[in-house]
Amino acid sequence: MGFPKIYNTYFVAMIATVGGMLFGFDISSMSAIVGTTQYIKYFDDPHGIIQGAIGSALAAGSVVGSLMAGPISDKWGRRDSIFFGCLWWLIGTAVQVSCNNYGQLIAGRILNGVCVGITSSQVPVYLAEIAKKDKRGSIIVIQQLAIEWGIFIMFFTGYGCSFIAGTASFRTAWGIQFVPAVFLMCGLPFLPRSPRWLAKVGREEEAIKTLADIQANGNIDDPSVVAEWEEIYTVLSAERESQRGWRKFIKKGMWRRTLAGMSVQAWQQMSGANVMTYYVVYVFQMAGLEGNINLVSSGVQYALFIIFTTFVFFFIDKTGRRPLLIYGAIGMGVCQFVVGGLMGSYGISVPGGVGNPPNSNVVIKVEGQPAHAIIAFCYLLIIIYALTLAPVAWVYAAEVWSLETRATGMSLAAVANWLFNFALGLFTPPAFRNITYKIFIIFGILCFAAAVQAFFTYPETCGKTLEEIEILFSSDGPKPWKTKPGGSRLDAEIQRVIDRKTVDGDTYLHMPGAGNAAGVDGEEKAAHVTEHVEANAATKVE
């Protein structure tokens, strides 16, 4: 007898997105530590490419984890792939806590990264596949909120641990990372499997029961369950006749989805906002903040992150994805230009490094009112990011794929995210030393490029079922800039189910044995069901 299951999608999301919290924990496990005296002395003032390697090691492991995630998720399921990822986290955290040099620290962060690569790609897939069309955006936003809560909690945990003398300071902070992973592993057995994954692997009865439990309190004859199942069945049947292997990500217009899914994740990194997340302590040192004031001011940024992403939870399924991606990128670009311009105009060169002890990664300092303006626009940048690209990139990337390609497709999108995350984590510390303020100008230009691509290549997915999104990316679909939120066919399909039941007495046209409760022979019902659904599929294709 298995574990009892939780079917409330918000509770399911709260447990599953602890996988995102692991990502947040690991980010802050470094950002709160890199500026402390204990860390600088023990690791012999790591700077330049060495600190870049330490910072980017998580992303390097995440690339590997993302590549592994798709095949594992398709074989074992979305839920079990997340559990598998947690095992890597436990090993990586143990290596970090016991590290004696930066090489071992890098190795531990790579192992943690494998977990983050798996969870960051498959948690959004899992949430997208269990959520209703009109709640899907807000459900996936919980993933971003979990990341931010992880960053916030771990940052102030690290801040508290900074008052501990010696290496126990950072070892204690890193050891606390065991807690969320164990919590997630204990919670996962109580979550249902994705009904769309169950359909994909041929477990149709279980798929429909799970869909009914999630959508209609277990009533498999509910019209909304019937209509959604028929759409899943129809699209899945058509997809099984499509290209095999990696060609299915390019052929027959699939390149549009691949471009959208991978590029939206890449732009999330190239916007430069995560530089603020990883290295905000360095940026605020450039603006003249030192010691505890710097750490607390950096923590305020993470609080703003949570507050404004919470706002997105309530309106993302009303405003749509396109406006947030386009205007968010423009707003962030303006902030990057202002920060870079102020540093370039008022920055004072400090070749030996700012701070006491000197931080060799920070060789420019701004004082007075310009410094206050830099801090203000850093906060504004994070607010805009929290309202737009941070949550919406995860939502959009999880929505654009077909059922047959979703697990591996989201893995590819996550690979794009983590490759650029790795590159930025590795090269940002040297960039702070070598081109100083110009790095912010580069990020500003990239933000405007992101807005242009979003306008021309990202159709609006809000308010549509995952199966309907296929039409938006087809060769004869509407131009992206002409698409709007809503307009789903599902409501009309539900009405057809109601009409069919009223006229013909049919309750369910989908699976072997579904009509037994109504006294209908299972095999006879199955034959009628298959005939009806295949006819439905042919009609929709025409």
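Only a predicted model underlies this, so the values are computations on that prediction, with no experimental measurement involved.

### Observations regarding the overall build of the protein chain
Working step 1: Within the protein chain, the regular secondary structure consists of 23 helices and two strands.
Working step 2: Rg of the C-alpha trace for the protein chain: 25 Å, near the compact-globule value of 24 Å for 542 residues, within the 12% margin.
Working step 3: The C-alpha extent of the protein chain, read off along each of the three principal axes, is 80 × 50 × 35 Å.
Working step 4: The 542 residues of the protein chain split such that 60% are buried.

### Things to note about the packing of helix α14 (residues 273–286) against helix α19 (residues 406–434)
Working step 1: Here α14 crosses α19 at 10°, and the two axes come no closer than 10 Å. Relative to α19, the element α14 is oriented roughly parallel. Across from Asn274, Val275, Tyr278, Tyr279, Tyr282, Val283 and Met286 in α14, the residues of α19 making contact are Trp418, Asn421, Gly425, Thr428, Pro429 and Phe432.
Working step 2: Its residues placed into classes, the contact of α14 with α19 shows nine nonpolar, four polar and no charged.

### Examining the environment of Gln336
Working step 1: For Gln336, the position within the fold is in helix α16 (residues 322–346).
Working step 2: Along the chain, Gln336 and Gly137 lie 199 residues apart, while their C-alpha atoms are 27 Å from each other.
Working step 3: In contact with Gln336, not counting residues within four places along its chain, are Ser271, Gly272, Ala273, Leu381, Phe440, Phe443 and Gly444.

### Re the packing of aromatic side chains
Aromatic ring pairs: the centre-centre distance and the angle between the two ring planes describe each pair.
Working step 1: If you walk through the whole model with that rule in mind, you get 28 aromatic pairs.
Working step 2: Each ring, one from Tyr42 and one from Phe170, has its centre 5.6 Å from the other, and the planes form 50°; the classification is tilted. Pair noted here: Tyr42 is in helix α3 (residues 37–42) and Phe170 is in helix α8 (residues 168–175), with a separation of 128 residues, a long-range link.
Working step 3: Here a set of aromatic residues connected by ring pairs shows up, and it is made of Trp149, Phe152, Phe155, Phe156, Tyr159, Phe163 and Tyr302.
Working step 4: A cation over an aromatic ring shows up here: Arg322 above the ring of Phe455, its NZ or CZ 5.4 Å from the ring centre.

### Considerations on helix α18 (residues 389–399)
Working step 1: In terms of burial, α18 is a largely internal element, eleven of the eleven residues being buried.
Working step 2: Listed as buried for α18 are Leu389, Ala390, Pro391, Val392, Ala393, Trp394, Val395, Tyr396, Ala397, Ala398 and Glu399.

### Quick notes on unusual backbone geometry
Working step 1: Phi angles above zero are rare outside glycine, and Asp45 is one such case at about 50°.
Working step 2: Mapping Asp45 onto the fold places it in the loop between α3 and α4 (49–76).
Working step 3: A positive phi angle is found at Thr436, which is not glycine, with a value near 40°.
Working step 4: In this fold, Thr436 is placed in the loop between α19 and α20 (438–457).
Working step 5: Assessed through its relative accessible area of 15%, Thr436 is described here as buried.

### Overview of a nonpolar patch on the surface
Working step 1: On the surface, Tyr327, Ile330, Val334, Phe337, Ile445 and Phe448 cluster together into a nonpolar patch covering about 540 Å² of accessible area.
Working step 2: Secondary structure elements with two or more residues in the nonpolar patch: α16 and α20.
Working step 3: Among the elements that line the nonpolar patch, the one with the most residues is α16, at four residues.
Working step 4: Topologically, Phe337 is positioned in helix α16.

### Brief notes about the nonpolar core
One broad trend across soluble globular proteins is that nonpolar side chains are buried collectively.
Working step 1: Core analysis: the largest hydrophobic core is formed by 140 residues, its most contacted members being Tyr39, Leu127, Trp418 and Phe432.
Working step 2: The contacts of Tyr39, once residues within four sequence positions are left out, are Met30, Ile33, Val34, Pro46, Gln51, Ile54, Leu105 and Phe170.
Working step 3: Trp197, Ile208, Ile232 and Tyr233 belong to the second-largest nonpolar core, a separate cluster that totals 14 residues.

### Some thoughts on the side chain of Ser73
Working step 1: Relative to the helices and strands, Ser73 resides in helix α4.
Working step 2: Classification of Ser73 by relative accessible area gives buried; the value is 0%.
Working step 3: One polar contact links Ser73 to Arg78, side chain to side chain, over a distance of 3.3 Å.

### Regarding the packing of helix α2 (residues 18–31) against helix α9 (residues 178–187)
Working step 1: The geometry of α2 relative to α9 is characterised by a closest axis approach of 9 Å and an angle of 170° between their N-to-C directions. Classed by the angle they form, the pair α2 and α9 counts as roughly antiparallel. From α2, Val18, Gly19, Leu22 and Phe25 reach across to α9, where they touch Pro180, Ala181, Phe183 and Leu184.
Working step 2: Looking at the contact of α2 with α9 residue by residue, the classes come out as seven nonpolar, one polar and no charged.

### Digging into the side chain of Gln265
Working step 1: You can see Gln265 is positioned in helix α13 (residues 254–270).
Working step 2: When neighbours within four sequence positions are excluded, Gln265 is seen to be in contact with Ala393, Trp394, Ala397, Ala413, Ala414 and Asn417.

### Concerning helix α6 (residues 102–130)
An α-helical segment advances 3.6 residues per turn. Residues three or four places apart therefore align on the same side.
Working step 1: Between its first and last C-alpha atoms α6 spans 41 Å; for 29 residues at 1.5 Å apiece the expected length is 42 Å, and the two agree.
Working step 2: With 23 of 29 residues buried, α6 lies mostly within the body of the structure.
Working step 3: Sitting at the head of α6, Asn101 places a side-chain oxygen 3.1 Å from the backbone nitrogen of Gly103.

### Concerning the pattern of salt bridges
Two side chains with opposite charge may pair up if their charged atoms get near one another.
Working step 1: Evaluated as defined, the whole model comprises twelve salt bridges.
Working step 2: Where Arg79 meets Asp80, a salt bridge forms, and the shortest distance between an N and an O atom there is 3.2 Å.
Working step 3: Judged by its relative accessible area of 26%, Asp80 is partly exposed.

### Let's talk about the confidence of the model for the protein chain
Working step 1: Confidence in the prediction of the protein chain, expressed as mean pLDDT, is 83, and 90% of residues score 70 or more.
Working step 2: Counted against residues more than four places away or in other chains, residues 510–542, with its pLDDT under 50, gives 43 contacts.

### Quick notes on the environment of Pro430
Working step 1: Within the secondary structure layout, Pro430 lies in helix α19.
Working step 2: Classification of Pro430 by relative accessible area gives buried; the value is 17%.
Working step 3: Along the sequence, Pro430 and Gln453 sit 23 residues apart, while their C-alpha atoms lie 29 Å from each other.
Working step 4: Each residue touching Pro430, except ones within four places of it in the same chain, is listed here: Gly48 and Ile49.

What counts and how
Residues numbered from 1 in each chain as written. Predicted model: local features only at pLDDT ≥ 70, side-chain atom pairs only at ≥ 80, totals over all residues. Heavy atoms only, no water. Helix = DSSP H or I, 4+ residues; strand = E, 2+ residues; numbered from the N terminus. Rg over C-alpha atoms; globule rule 2.2 N^0.38 Å. Buried < 20%, exposed > 50% of the residue type's maximum accessible area, 1.4 Å probe, protein only. Axes fitted to C-alpha atoms, helices over the stretch in contact; angles between N-to-C directions. Parallel < 35°, antiparallel > 145°, perpendicular 65-115°, else oblique. Contact = heavy atoms within 4.5 Å. Nonpolar A, V, L, I, M, F, W, Y, C, P; charged D, E, K, R; others polar. Phe/Tyr/Trp six-rings, centres within 6.5 Å; stacked < 30°, edge-to-face > 60°. Lys NZ or Arg CZ within 6 Å of the ring centre and 35° of its normal. Patch = residues over 30% accessible without salt bridge, like charges linked within 9 Å, V, L, I, M, F, W, Y side chains within 5 Å. Areas by Shrake-Rupley, 256 points an atom, 1.4 Å probe, with all protein chains shown as cover. Salt bridge = Lys/Arg side-chain N within 4 Å of Asp/Glu carboxyl O. Core = buried A, V, L, I, M, F, W, Y, C linked by side-chain atoms within 4.5 Å. Polar contact = N/O pair within 3.5 Å; in protein donor to acceptor, adjacent residues only side chain to side chain. Expected span 1.5 Å × (residues − 1). pLDDT = per-residue confidence, 0-100.

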